[in-house]
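# Descriptive analysis of the structure
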Amino acid sequence: MASGTMAQTVRVRSGEHDGYTRLVFQIPPGTDWDLASHQNGARLAVALKDATFETDAVFSRLSAGRLTSVLQPEPGAPLELDFGCDCVATAFLHRQTMVVVDIAPGAFTPPPDIAALPPLLPKPDVTKPRAAHPGVELPASLLQLQRRGFETQLMSRLLQGADREVVDLNLANVGARQSGYFGPIQSPADLPENLHVSTILDEIPGLDQSALLQVETRPKCIADAELGFDTWTGTQPFAQHVAELRGGLFQEFDRLDIETAEKLAKLYTYFGFGAEAVQVMQLVPKRDAKWDRIEAMARFIDDQQIARSNPFFDQQRCGGDAALWAVLTEGYLAKDAKLNSIEHSFTRLPQHLKVQFGPLLSEILIEADRLESAHRILRAVDRVNDTDDPELVLAKASIAEAEGDDQQATDLLTKAATAPEATDEAPLALARLIEKRWSDRGAITGQELDLAAAYAVQFRNSESGPMMARAHVLALALNQEFGAAFGRFPAGMEDKAWHRTHDQVLQLLAERGDDVSFLRHVLTLSMTEREGMTIETAMALSDRLTQLGFAELGFEMANRPADKAHRADRTRLRARASIYEDRPRHALLELAGERSEPAMRLRAQALIKSQDFAGAALILKEIGETDAAERNFWRAGLIEEAQTETPGMYGNLAGLSQALTDPIARQPEKPLADATALLEASSLTRSQINDMFNMLGGDVSE
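Residues numbered from 1 in each chain as written. Predicted model: local features only at pLDDT ≥ 70, side-chain atom pairs only at ≥ 80, totals over all residues. Heavy atoms only, no water.

## Some remarks on the overall build of the protein
Within the protein one finds 30 helices and 9 strands. Within the protein, the proportion of its 702 residues that are buried is 41%. Here the analysis covers contacts within the protein between residues at least 6 apart in sequence; of these, 54% occur between residues at least 24 apart. (Helix = DSSP H or I, 4+ residues; strand = E, 2+ residues; numbered from the N terminus. Buried < 20%, exposed > 50% of the residue type's maximum accessible area, 1.4 Å probe, protein only. Contact = heavy atoms within 4.5 Å.)

Shown next, in the form of structure tokens:
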């Protein structure tokens, strides 16, 4: 019964994607939720009693700066999201247990006032007599139709809709009845771009644009029969087929045979020769949508940029082979994608394309949190590929990491990073492995450190050079070589990725560095570097500085009013720094309103610093610190309060103190008995005082 009233924790995961930042909130099935957007921010509420959002690891995976802070004022309150850009948030429910919030650049538009929207149907001329019901505003052209003809067409359309189960008819009883009232038709407030809106009025002749506004429709789906990817090859061997097509590519007078060129381009594309297919298509002077699809597929196969707009745009909803190519060329899984159809199309790909596309498709599915589908894709690749391809190993590592199997992910990344044949994938695998070592706060081996140094030199002039340089710096920090790590940071560090690495190294320095190294690198930070670090880094440095006695600088690190993230944690850091600076009343002001257990413990320390032992004892007793409460009651001289049902050392001391204050019963009429009682009381008093000293360990300061 007690467990049912405990606060529920909502786990929050984060991820950075191309063009948007994603947050995933794990909720029980059937939980109501609501996302309310406002200018440069949003508010997420879930219908869980005393729900607490677990946001500690949210910013560890974010680097684009779209999300600047997440704050929940108290358990059960909505989660406040603040954006660092002109962004808007959208949300949807995934698998009934995950609320997915996407933050993407865009202009915030306040919800319109429905009552203020103009009607889509033109208003009648008020100077003319109205022939219809006063509440019905119809165009003049409609009023000119014969009433009986209009009623007949309208009833016909309604009956057709009822037969197709599009509308429900609620027939009234036979007899006189008053006609229903309907007002002007209003424009929907947030009509999606993929809807085509019309009414039965569109089909009635003579109305001339009197229906609802038309909305641009989505692209037409490309059927498998129209694409025909399975027919792009023949029964002959590839070399023979290519030779025949190339021999018939040009007719007499060097005229290009368009049909043969199309067959040759399709054959090249089917077998994975994208550059050759593009070269053939460049010979064709005029090309239609069919050629655009072939060229897009060929360029994607050869890792080339698609020249024009993607012909597979918005095809994931359609299913079939077009949906598979849409996922691959767009690089993400759409919310309305036909995933079963995409997986089926993948299984029908030729073997060489399965091996080539499998890792990429699995990574896309992992980003969309479709882990089971990613597993199936890789199993399909394993059935046709016996070798441990490095790209497959990296994809399997991504799945293991997404599933929380850290050991499996580490083993796979290590395998990919140290494989001798992994010439292209090894640097990426090593960079991911070092990043995982940092996330897990693990150690790095000497071999991994040497590889990072070698790759940093080998790829210094390539596109992956900055990534490997950052990985080498992080590897040095993991190996506690902080001097070498800080010495390899570029001057200025204007790149956001380098800023993130700088924060990572500072966090490791706060956690692992010796006192001298920590102070040498932290005390020399410039004001720009202090202001540019993340709140998590500033908190780690503040905590360590306060422990080392630099309470003023620790307070300054934690005192960042512009940052709304981790407000309660920063408040506690400032309060602790104030206590170290012997400013207990300032600490109490910082902690005003904070009711968490760590905050109450700090409040008790501040009260002890102010010599208010009784107040500190009451707080410690409230949070269950019985021994500490008894000690402070004892120090305050409140002997009775220090004695509890199950007293500890200070409770026993309070009992002895109470016994020592009890008066001795005297017997004046019996001098001998009175003297004997005094001797016994004196012996007992000495024994009790000796017990008190033994309990205190000979420390008379108490």
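## Quick notes on unusual backbone geometry
Of note in the backbone geometry, Asn40 takes a positive phi value of approximately 55 degrees without being a glycine. Positive phi is not limited to glycine here, since Gln480 has a value of about 65 degrees. We classify Gln480 as partly exposed; its relative accessible area is 47%.

## Brief notes about the environment of Leu249
Residue position: Leu249 is located in the loop between α4 (238-247) and α5 (258-270). Separated by 12 residues in the primary sequence, Leu249 and Ala261 have C-alpha atoms spaced 6.1 Å apart. Beyond its immediate stretch of four places on either side in the chain, Leu249 contacts Arg255, Leu256, Asp257, Thr260, Ala261, Leu264 and Leu283.

## Things to note about the state of the cysteines
A complete count under the given rule lists 2 disulfides for this structure. The disulfide partner of Cys85 is Cys87, and the gap between their sulfur atoms is 1.8 Å. Because the sign of the S-S torsion sets the handedness, a value of about -95 degrees for the bond joining Cys85 and Cys87 places this disulfide among the left-handed ones. A relative accessible area of 23% means that Cys85 is categorised as partly exposed. A residue is classified by how much of its surface remains accessible, and Cys87, at 1% relative accessible area, is buried. Shown here is the disulfide that connects Cys221 with Cys318, its sulfur atoms set 2.0 Å apart. Looking along the S-S bond of the Cys221-Cys318 disulfide, the torsion reads about -75 degrees, which is the left-handed sense. Taken together, the residues Cys221 in the loop between α2 (147-163) and α3 (224-227) and Cys318 in the loop between α7 (289-301) and α8 (320-330) connect sequence positions 97 residues apart. A residue is classified by how much of its surface remains accessible, and Cys221, at 33% relative accessible area, is partly exposed. For Cys318, a relative accessible area of 22% translates into the label partly exposed. (Disulfide = S-S within 2.5 Å.)

## Examining the pairing of strand β8 (residues 87-94)
Working note: regular strand, side chains alternate between the two faces of the sheet. In the sheet, β8 pairs with strand β9 (residues 98-105) via 8 bridges, with the strands oriented antiparallel. Each residue of the ladder has a partner; that of Thr90, found in β9, is Asp102. Hairpin connection, β8 to β9: the antiparallel pair is bridged by 3 residues, and Arg95 has positive phi, about 55 degrees. (Pairing = 2+ DSSP bridges.)

## Digging into the packing of aromatic side chains
Evaluated as defined, the whole model comprises 14 aromatic pairs. Taking 5.3 Å as the distance between ring centres and 10 degrees as the angle between the ring planes, the aromatic pair formed by Phe238 and Phe273 counts as stacked. One end of the pair, Phe238, is in helix α4; the other, Phe273, is in the loop between α5 and α6 (274-281), with 35 residues separating them in the sequence. Relative accessible area serves as the criterion here: at 35%, Phe273 is assigned to the partly exposed category. Look at Trp325 and Phe357: their rings are 5.6 Å apart centre to centre, the planes differ by 80 degrees, and that puts the pair in the edge-to-face class. Pair noted here: Trp325 is in helix α8 and Phe357 is in helix α10 (residues 351-367), with a separation of 32 residues, a long-range link. An aromatic cluster is present here, built from Phe229, Trp232, Phe238, Tyr268, Tyr270, Phe271, Phe273, Phe300, Trp325 and Phe357 joined pairwise through their rings. Directly above the aromatic system of Trp438 lies the positively charged group of Arg441, at a separation of 4.4 Å from the ring centroid. (Phe/Tyr/Trp six-rings, centres within 6.5 Å; stacked < 30°, edge-to-face > 60°. Lys NZ or Arg CZ within 6 Å of the ring centre and 35° of its normal.)

## Things to note about helix α19 (residues 515-522)
Along α19, the residues classified as buried are Ser517, Phe518, His521 and Val522. In an axial view of α19, the angular spread of the buried residues amounts to 110 degrees, which keeps them on one side of the axis. Packing partners of the buried residues in α19 comprise α17 (482-487), α18 (496-512), α21 (535-547) and α22 (551-558). The backbone nitrogen of Val516 has a side-chain oxygen 3.2 Å away, supplied by the residue at the start of α19, namely Asp514. (Arc of directions from axis to C-beta. Polar contact = N/O pair within 3.5 Å; in protein donor to acceptor, adjacent residues only side chain to side chain.)

## Structural notes on the pattern of salt bridges
Under the counting rule described, the total for this entry stands at 23 salt bridges. Where Asp102 meets Arg22, a salt bridge forms, and the shortest distance between an N and an O atom there is 2.7 Å. Taken together, the positions of Asp102 in strand β9 and Arg22 in strand β2 (residues 20-26) put the pair 80 residues apart, joining distant regions of the chain. With relative accessibility at 8%, the residue Asp102 sits in the buried group. A cluster of three or more residues bridged by salt bridges with shared partners is formed by Asp224, Asp230, Asp321 and Arg348. (Salt bridge = Lys/Arg side-chain N within 4 Å of Asp/Glu carboxyl O.)

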